[in-house]
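# Topology and contacts: notes
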Amino acid sequence: MICEAAALAEGGAGVRFDWAPAGGEGKGFVVRHDGAARAFVNRCPHLGVELDWQPGEFFEETGLYLICSTHGAIFDPSTGLCVAGPCRGARLEAIAVEERQGRILIHDDCPAPARGGGSGEQP
Ligand code: FES
């Protein structure tokens, strides 16, 4: 379990977690957008740094888009697609997340959630 589902407010602070399915020291994060939990690897496709400007702060001021604190890339929280900034067209790497019985669960053996609204999967 990553956290209680109630800990994720729509467009609010996210929750960071360790994410290193292939070893190493990776981080992931989960936020709530459009009522659903969305989880991604905490790694900007531009330079590979973590996104949050303060731990858990992933949304820009409107609460509608994720933002990279380093150079301001803007990401669609539904798909992880970068819609503005230096890595436009790239995607955050999605992590399969499940909300069940009031809890946010991550299973590293689950396939990533289906993507929609884009031009296809990024390599
Ligand atoms: S490192 Fe994220 S936009 Fe440059």
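As a reminder, the structure under discussion sits directly above these lines.
Quick summary incoming for the structure in this document. (Residues numbered from 1 in each chain as written. Predicted model: local features only at pLDDT ≥ 70, side-chain atom pairs only at ≥ 80, totals over all residues. Heavy atoms only, no water.)

### Quick word on the pattern of salt bridges
Short version of the rule: By definition, a salt bridge exists where a carboxyl oxygen of Asp or Glu is found within 4 Å of a side-chain nitrogen of Lys or Arg. The numbering of helices and of strands both runs from the N terminus, where a helix is a DSSP run of H or I of at least 4 residues and a strand a run of E of at least 2. Each residue's exposure class comes from its accessible area (1.4 Å probe, protein chains only) as a fraction of the maximum for that residue type: buried when under 20%, exposed when over 50%, partly exposed otherwise.
Evaluation of the coordinates by the stated rule reveals six salt bridges. The salt bridge involving E50 is made with R16; its shortest N-O contact spans 2.8 Å. With a gap of 34 residues between them, E50 in the loop between β4 (36-41) and β5 (66-67) and R16 in strand β2 (residues 15-18) connect regions that are remote in the sequence. Given a relative accessible area of 34%, E50 falls into the partly exposed group. By relative accessible area, which is 29% here, R16 ends up partly exposed. As a salt-bridge pair, K27 and D18 come within 2.3 Å of each other at their nearest N and O atoms. Each of R16, E50 and D52 takes part in a single network of salt bridges with overlapping partners.

### A few points about the sheet that holds β4
We apply this condition: Between any two strands, at least two bridges found by DSSP are needed for them to pair.
Spatially, the four strands line up as an open sheet ordered β2-β3-β4-β8, and their pairing is antiparallel. Of all the strands in the sheet, just β2 and β8 (94-95) have a single pairing partner and so form its edges. Bridging between β2 and strand β3 (residues 27-33) involves four bridges; their strand directions are antiparallel. Bridging across to β3, R16 finds its partner in F29.

### A few points about the nonpolar core
Filter applied, for reference: In these notes, a set of buried Ala, Val, Leu, Ile, Met, Phe, Trp, Tyr and Cys residues joined through side-chain atoms within 4.5 Å is what counts as a nonpolar core. Whether two residues are in contact is decided by their heavy atoms: any pair within 4.5 Å suffices.
In this structure, F29, L51, L66, F75, C87 and L92 are the most contacted members of the largest nonpolar core, which totals 16 residues. Apart from the residues within four sequence positions on either side, F75 is in contact with C44, P45, L51, Y65, L66, C68, G80, L81, C82, C87 and L92. Counting 13 residues, the second-largest nonpolar core is a separate cluster that includes C3, V15, I95 and I104.

### Observations regarding the packing of aromatic side chains
Inclusion rule: Pairing of aromatic rings covers Phe, Tyr and the six-membered ring of Trp, with a centre-to-centre limit of 6.5 Å; geometry is then stacked below 30 degrees between planes, edge-to-face above 60, and tilted otherwise.
Applying the stated rule across the entire model yields three aromatic pairs. Consider the rings of F29 and F40, whose centres lie 5.9 Å apart with planes at 40°: the pair is tilted. Remark: F40 occurs in strand β4 and F29 occurs in strand β3; sequence separation between them is eleven residues. By relative accessible area, F29 is classed as buried at 0%.

### Description of the side chain of E60
Where we set the bar: Only four residue types enter the tally: Lys and Arg on the positive side, Asp and Glu on the negative side; His and the chain ends are excluded. The definition of a polar contact used here is a pair of N or O atoms within 3.5 Å, where within protein one atom must be able to donate a hydrogen and the other to accept one, and adjacent residues in sequence count solely through side-chain atom pairs.
Turning to its location among the elements, E60 is positioned in the loop between β4 and β5. The buried charged residue E60 lacks any salt bridge partner; its closest oppositely charged side chain belongs to R38, at an N-O distance of 14 Å. A polar side-chain atom of E60 sits 2.5 Å from a polar atom in the side chain of T62. Excluding residues that lie within four positions of it along the chain, E60 makes contacts with Y65, I67 and I74.

### Notes on the environment of R100
Here R100 shows up in strand β9 (residues 97-100). A relative accessible area of 39% places R100 in the partly exposed class. Along the chain, R100 and E4 lie 96 residues apart, while their C-alpha atoms are 9.7 Å from each other. In this structure R100 touches L105 and H107, once residues within four positions along its chain are discounted. There is a polar contact of 2.8 Å between the side chain of R100 and the side chain of E98.

Keep in mind that these numbers describe shape and distance, not what the molecule does.
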